[in-house]
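Residue strings, one per chain:
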Amino acid sequence: MMNEVQKQMTMGKHLAIYLGISLLIVVLDLWTKYLATANLEYASPVPVYQLFDALTGFNLTLLHNTGAAFSFLASESGWQRWFLVTVSTVVSAIIGVWLFRIRSTEKLLAVALCLILGGAVGNLIDRVAAGFVVDFLLVHWDEHYFPAFNVADAAISVGAGCLILDMFLKPKLEKVND
């Protein structure tokens, strides 16, 4: 009996930590988007770092993305806003349930899901409130620009990388535990 109570308390503690990480990502994302919107002029790059003269660089550039990743669907008539809100809401709910069900030993998976959830919610809030996502981080090599992104996008990307890493490591860990 006591073992079951301890197990539930441990799971609750882990879930609180996981959701706290996601909340931290959301707060950091919204704060940096606020700062970018308040301090940057739309589509005017502000160089932050340049390497090899002007060839390689990192700029702060305020942009609005009405589409999904890499501006996919951005040129559509407006229907994509609510489609992407729906997809983000469903995916966030699925990740929340997944977080609730994972074992406390699956730390890398938990971090991956927390990062993805925080990023998805950060962009979801933008999309619901404004109809677009605020992007402001821009990296380039000479005239070749990587699509602009934000803290939420970075969290989603790192989370996806952790998820892939977890998939490769999990079979090895399961063999060790057998």
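Predicted, not measured: the structure shown is a model, and the values here were computed from it. (Residues numbered from 1 in each chain as written. Predicted model: local features only at pLDDT ≥ 70, side-chain atom pairs only at ≥ 80, totals over all residues. Heavy atoms only, no water.)

Q: Where do I start with the confidence of the model for the chain in this structure?
A: Interpretation of the predicted coordinates at a detailed level should be avoided for regions scoring low in pLDDT. Per-residue confidence for the chain averages 89 on the pLDDT scale, and 88% of its residues sit at or above 70. Mean pLDDT across the elements of the chain ranges from a minimum in strand 1 (residues 46-51), with 80, to a maximum in helix 3 (residues 107-130), with 97. (pLDDT = per-residue confidence, 0-100. Helix = DSSP H or I, 4+ residues; strand = E, 2+ residues; numbered from the N terminus.)

Q: Sorry, what's going on with the environment of Ala36 here?
A: Among the structural elements, Ala36 can be located in helix 1 (residues 2-39). In this structure, the C-alpha to C-alpha distance between Ala36 and Leu137, residues 101 residues apart in sequence, is 9.4 Å. Once you skip the residues sitting within four places of it in the chain, Ala36 turns out to touch Leu62 and Phe136. (Contact = heavy atoms within 4.5 Å.)

Q: I keep staring at the packing of aromatic side chains and nothing clicks. Help me out?
A: How two aromatic rings sit relative to each other is given by the distance of their centres and the angle of their planes. If you walk through the whole model with that rule in mind, you get 2 aromatic pairs. Judged by centre distance (6.1 Å) and plane angle (80°), the ring pair of Phe146 and Phe149 falls under edge-to-face. (Phe/Tyr/Trp six-rings, centres within 6.5 Å; stacked < 30°, edge-to-face > 60°.)

Q: Teacher, can you tell me more about the pairing of strand 3 (residues 133-141) here?
A: The side chains of a regular strand alternate, first on one face of the sheet and then on the other. Most of strand 3 is tucked away: 7 of the 9 residues are buried. The pairing of strand 2 (residues 56-65) with strand 3 spans 8 bridges and is antiparallel. Counterpart to Leu60 in the pairing with strand 3 is Leu137. As paired elements, strand 3 and strand 4 (residues 144-145) share 2 bridges and run antiparallel to each other. If you follow His140 over to strand 4, its bridge partner there is Tyr145. If you look at the hairpin formed by strand 3 and strand 4, you'll find 2 residues sitting between the two strands, and Asp142 has a positive phi there, around 55°. (Buried < 20%, exposed > 50% of the residue type's maximum accessible area, 1.4 Å probe, protein only. Pairing = 2+ DSSP bridges.)

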